[in-house]
Amino acid sequence: MKLDHDLINQLTLKEKAALVSGKDSWYTATIERLGLKPMMMSDGPSGLRKQVGTSEQTNINDSVEAVCFPASALTACSFDRERLNQLGEHLGVAAKAEKLGVLLGPGINLKRSPLAGRNFEYFSEDPYLVGELAAAYVKGVQSEGAGVSVKHFAANNREDQRFTSSSNIDERTLRELYLATFEKIVKQADPATIMCSYNEINGTLNSQNQRLLTKILRDEWGFKGLVMSDWGAVADHTAAVKAGLDLEMPGKGTESVDEIVAAVEDGSLPKKDLDRAVNRVLKMIKNWQPDDADQSGSYDMDEQHEFARKLATDSFVLLKNEHHVLPVNEGEKLAVIGELAEKPRYQGSGSSHVNAHHLVTPLAAINQVRPDATYVAGYSLATDDVNSTAVAEAVSAAKFADKVIIFAGYPERMESEGFDKTSIDLPANQNQLIDAVSQVNDQVIVVLQNGSAIRTPWIDKVAATLETYLAGEAVGEATWDVLSGNVNPSGKLAETFPLRLEDTPSYLTFDADPDEENYREGLFMGYRYYDKKKQPVQFPFGFGLSYTTFKYDDLQLKVGADHVSGSLRVTNTGSRSGAEAVQIYVGNRTSRIEKPVKTLVNFVKVSLAAGEEKVVTFDLDQRAFSWYNPKIANWQLDNGAYEILVGSSSADIRLNKMIELNWTPERPIKVDQRTYIGDLIKQDKFAEAVKQAGLSDIFSKLADDNDPTAKMFQNMPLRAATTMGVSPEKINELIEIMNN
């Protein structure tokens, strides 16, 4: 990016230092004499959290009224790029009306552990799903003239000690999982800014990690925007600017400015590094500063509310529906139980909290159409303690109801930004309530409100379970839309629900050390781990039921010069219209490396009327078949066999076919003393080489894979051929022949 020398040269050193330091919590610096106005930014991954006053004047929850959309934990379950793009457009419209330059979001860190306190703000355990949905979201926001700040870069997967802990990850895992989401968004959606996270990676603080912020983000991926810090993430502003951080947020006032001025004057911060950061701040302001001429200042919040309702219903996940207890039928007597029906948990806590425009509770929505429904609180959100009187009232109501709807989930006090959970169990009073009610009524429907995966010990005792996560301000209307059958649920889980916390891949290491977070599970995170271990789970990644059924058939694949194209037929075999998220996975059956059984590489959501069939098409590029090789510091694609698997979830594979890829020019093996005999036998020219070296009698005996002695010698390096009577001189001769 070229520097705007004319403008930069007009700035004093002190003014430059001010520009790379946030004026306060929400604004860039003002340079009045040059007409540089401050640009405002705001939290807003699921709705605007614009604060009008300074950070000293306002509470974190004091913000302008805005529509509260469903949290990313829920929207990811839509498996719908178009819906996420529309969400971005709605947020962009709101940001523009509120004169915001940059919206802080989306959050795209992976759900490594269900204990992570901020999982509600993140999409999924799978990097492909995250990247696709978040890229659509970013394009939507920026199409309306507001920038985004994709966060938190990178490997920020826990909340406890998040300012100082080191995420210790091997390079292949870092690239294939934790950086892949950011890479896709940078390359596909050109985000205005990236927000670096608090944590360290392998011992280097991210805010001053030159390899992360410059070499990978800019030099490798070609990022052209601005890098800002998470709020308070900068420990050494001079080191941060040198590493590639452009904007410290929020600034520390004169302290930040003086630090940069002193560093330039004493030579510890090169002037060119400061000018580079200043230029990026100026470019951000130029590209994303709202137009003063646009004085509308308003937008249709009621329309946005209706979109929030639709987005939620398209994302809810039906986990169980025994004997078709759902949808609820007209005329059935209902008992509504659980304080969350009256006081729903519909959004996350912390920086994503929204001052909701129009909250509709589930109880209010149900009462509007079913005023005869009985309501009993059953438990208190303020405590985990069981209230025997409240439970008795709930049991009594359940006895006289045709169907019981129990609202259960995490209270806000259990799940928030800033700390991690210690359990994935619901409060004891909720679990015991569900047990007690299910003993007197076999038509119990549990509606969940939670920010991440939970344990469901009562699942076999209830007839139905609907996962609504944190559904936004239209939670009540959306929930009744699905319970009543006005909308057929089509969401799929974007994370695995384990049977027990102890079954999770990071159980042994998550939050075990305040300073070091060791990612010892490596690549085997989420469904990759459960697949490989053949570990049973409660609900697998990608799982979700419908009020109708779908049939998959006729999988067709075509291997092109640099991609694989595919198609299949999907038929709605039920009696209701519905939508199905078809998931495409690839299994690498070739590379001799640690690898998952399969990985998600594409998905297509298709809507079908009852009895209708459609042909679904998909395309897989070379990256879908590649793995990151740290030895060559690049992605590697190996020729050979790959399995294409198509399913309704990661555990429900309906179709599969093998393909052979031959896209990569053969790389001759550099033979040396360490080269294994078994690898050489597979090469066509080896027989000629041993013949030239006069060793045919010895090596020809080793080609029989059914001979245990031959197999033993195949598993030896060439230097060990001396045990077969081959002299060191002959080994060197053979190596020379093979390499020439």
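Up top you'll find the structure we're talking about.
All values reported here derive from a predicted model rather than from experimental measurement.

Parameters and conventions
Residues numbered from 1 in each chain as written. Predicted model: local features only at pLDDT ≥ 70, side-chain atom pairs only at ≥ 80, totals over all residues. Heavy atoms only, no water. Axes fitted to C-alpha atoms, helices over the stretch in contact; angles between N-to-C directions. Helix = DSSP H or I, 4+ residues; strand = E, 2+ residues; numbered from the N terminus. Left-handed = near helix turned anticlockwise from the far one by under 90°. Contact = heavy atoms within 4.5 Å. Nonpolar A, V, L, I, M, F, W, Y, C, P; charged D, E, K, R; others polar. Core = buried A, V, L, I, M, F, W, Y, C linked by side-chain atoms within 4.5 Å. Buried < 20%, exposed > 50% of the residue type's maximum accessible area, 1.4 Å probe, protein only. Pairing = 2+ DSSP bridges. Expected span 1.5 Å × (residues − 1). Right-handed = clockwise from strand over helix to strand, strands pointing away. Parallel < 35°, antiparallel > 145°, perpendicular 65-115°, else oblique. Phe/Tyr/Trp six-rings, centres within 6.5 Å; stacked < 30°, edge-to-face > 60°. Salt bridge = Lys/Arg side-chain N within 4 Å of Asp/Glu carboxyl O. Polar contact = N/O pair within 3.5 Å; in protein donor to acceptor, adjacent residues only side chain to side chain.

### Here's the deal with the packing of helix H14 (residues 388–399) against helix H15 (residues 428–438)
Here comes step 1: Close contact between H14 and H15 brings their axes to 9 Å; oriented N to C, the two are set at 35°. Between H14 and H15 lies a crossing of right-handed hand. The residues of H15 that touch H14, namely those facing Val391, Ala394, Val395 and Ala398, are Leu433, Ala436 and Val437.
Here comes step 2: In terms of residue class, the contact of H14 with H15 is made up of seven nonpolar, no polar and no charged.

### Considerations on the nonpolar core
Here comes step 1: The biggest cluster of nonpolar side chains holds 188 residues, and the ones touching the most others in it are Met41, Phe153, Met228 and Val437.
Here comes step 2: Looking at this core, the element that brings in the most residues is helix H5 (residues 127–143), giving ten residues.
Here comes step 3: When neighbours within four sequence positions are excluded, Phe153 is seen to be in contact with Leu179, Phe182, Ile194, Met195, Cys196, Ser197, Asn206, Leu212, Leu213, Leu217 and Trp221.
Here comes step 4: Within the second largest apolar cluster, 26 residues are counted, among which are Ile584, Ala624, Leu661 and Trp663.

### Things to note about the sheet that holds strand S25 (residues 640–649)
Here comes step 1: The strand order across the open sheet built from four strands is S21-S20-S25-S26, with neighbouring strands paired in antiparallel fashion. Whereas interior strands pair on both sides, the edge strands pair on one side only; in this sheet they are strand S21 (599–608) and strand S26 (652–661). On average, each strand axis in the sheet is inclined to that of its neighbour by 20°, with strand direction left out of account.
Here comes step 2: Both S25 and S26 contribute to a ladder of nine bridges, which runs antiparallel. Paired with Leu645 across the strands is Asn656, a residue of S26.

### Description of the sheet that holds strand S18 (residues 550–559)
Here comes step 1: The strand order across the open sheet formed by three strands is S18-S19-S22, and the pairing between neighbours is antiparallel. Among the strands making up the open sheet, the edge pair consists of S18 and strand S22 (613–620). Pairwise comparison of adjacent strand axes, ignoring direction, gives a mean angle of 20° for this sheet.
Here comes step 2: Strand direction decides the pairing type here: strand S19 (residues 564–572) and S22, joined by eight bridges, are antiparallel. Paired with Gly566 across the bridge in S22 is Phe618.

### Let's talk about helix H4 (residues 81–97)
Here comes step 1: The end-to-end C-alpha distance of H4 is 25 Å, a good match for the 24 Å that 17 residues give at a rise of 1.5 Å each.
Here comes step 2: All buried positions along H4 are accounted for by Arg83, Leu84, Gln86, Leu87, Gly88, His90, Leu91, Gly92, Ala94, Ala95 and Ala97.
Here comes step 3: If you follow the buried residues of H4, they end up packed against helix H3 (72–75), strand S3 (102–104), H5 and helix H12 (301–313).
Here comes step 4: The positive-phi residue at the C-terminal boundary of H4 is Lys99, with phi of around 60°.

### Remarks on the pairing of strand S4 (residues 147–153)
Here comes step 1: Counting buried residues in S4 gives seven out of seven residues, a clear majority hidden from the surface.
Here comes step 2: Note: S3 against S4, two bridges, orientation parallel. Directly across from Leu103, in S4, lies its bridge partner Val148.
Here comes step 3: Between S3 and its parallel partner S4, the chain crosses via H5, and the hand of that crossover is right-handed.
Here comes step 4: Where S4 lies against strand S6 (residues 193–196), three bridges are found, and the strand directions are parallel. Bridge pairing in S6 places Ser149 opposite Thr193.

### Digging into the side chain of Asp481
Here comes step 1: Tracing the backbone shows Asp481 in helix H16 (residues 475–483).
Here comes step 2: Of the residues examined, Asp481 reaches a relative accessible area of 7% and is grouped as buried.
Here comes step 3: With near-sequence residues (within four places) excluded, Asp481 lies in contact with Arg309, Thr313, Asn486 and Val487.

### Some details on the environment of Cys196
Here comes step 1: Turning to its location among the elements, Cys196 is positioned in strand S6.
Here comes step 2: Placed 434 residues apart in sequence, Cys196 and Pro630 show a C-alpha to C-alpha distance of 23 Å.
Here comes step 3: Apart from the residues within four sequence positions on either side, Cys196 is in contact with Phe153, Asn206, Ser207, Leu213, Val227, Met228, Ser229, Asp230 and Leu245.

### Thoughts on the environment of Val360
Here comes step 1: With respect to the element layout, Val360 can be found in the loop between strand S12 (355–356) and helix H13 (362–369).
Here comes step 2: As for Val360 and Phe182, which are separated by 178 residues in sequence, their C-alpha atoms are 35 Å apart.
Here comes step 3: Not counting the four nearest positions on each side in its chain, Val360 is found in contact with His305, Ala365, Glu473, Ala474, Val475, Gly476 and Glu477.

### Here we look at helix H11 (residues 271–288)
Here comes step 1: Between the first and last C-alpha of H11 there are 26 Å, a value that for 18 residues agrees with the 26 Å anticipated at 1.5 Å per step.
Here comes step 2: Buried within H11 we find Asp273, Leu274, Asp275, Ala277, Val278, Asn279, Arg280, Val281, Leu282, Met284, Ile285 and Trp288.

### Some words on the packing of helix H19 (residues 684–692) against helix H22 (residues 728–739)
Here comes step 1: It is the contact of H19 with H22, at a shortest axis distance of 9 Å, that shows an interaxial angle of 135°. When the axes of H19 and H22 are compared, the pair comes out oblique. Remark: the crossing between H19 and H22 carries right-handed chirality. Across the interface between the two elements, Lys685, Phe686, Ala689, Val690 and Gln692 of H19 pack against Glu733, Leu734, Ile737 and Met738 of H22.
Here comes step 2: Grouping the amino acids of the contact of H19 with H22 by side-chain chemistry returns six nonpolar, one polar and two charged.

### Brief notes about the packing of aromatic side chains
Here comes step 1: In the structure shown here, the tally under the stated rule is 18 aromatic pairs.
Here comes step 2: Both rings, one in Phe497 and one in Phe539, keep their centres 6.2 Å apart while their planes meet at 70°; by these two values the pair is edge-to-face. A residue pair is termed long-range when its members are at least 10 positions apart, and Phe497 in the loop between H16 and strand S17 (516–518) and Phe539 in the loop between helix H17 (527–533) and S18 qualify at 42 residues.
Here comes step 3: Judged by its relative accessible area of 0%, Phe497 falls in the buried class.
Here comes step 4: By relative accessible area, Phe539 is classed as buried at 6%.
Here comes step 5: Of the aromatic side chains, those joined through ring pairs into one cluster are Phe79, Tyr128, Tyr527, Phe541, Tyr585 and Phe603.

### Side note on the pattern of salt bridges
Here comes step 1: One pass over the full model with this rule turns up 52 salt bridges.
Here comes step 2: With its nearest N and O atoms 3.2 Å apart, the salt bridge here joins Lys50 to Glu98. Here Lys50, found in the loop between strand S1 (41–43) and strand S2 (65–66), pairs with Glu98, found in the loop between H4 and S3; they are 48 residues apart in sequence, far enough to count as distant. As far as the burial class goes, Lys50 and Glu98 line up, both buried.
Here comes step 3: For the salt bridge of Lys598 with Asp531, the shortest nitrogen-to-oxygen distance reads 2.7 Å. Residue Lys598 is located in the loop between strand S20 (578–588) and S21, and its partner Asp531 is located in helix H17; the two are separated by 67 residues in the primary sequence.
Here comes step 4: The class for Lys598 is buried, based on a relative accessible area of 6%.
Here comes step 5: The exposure class of Asp531 is buried, given its relative accessible area of 18%.

### So, the environment of Glu259
Here comes step 1: For Glu259, the location among the structural elements is in helix H10 (residues 254–265).
Here comes step 2: Here Glu259 falls in the partly exposed class, since its relative accessible area comes to 25%.
Here comes step 3: The sequence separation of Glu259 and Ala17 amounts to 242 residues, and the corresponding C-alpha distance is 8.4 Å.
Here comes step 4: Looking at Glu259, its side chain comes within polar contact range of the main-chain nitrogen of His237, at 3.0 Å.

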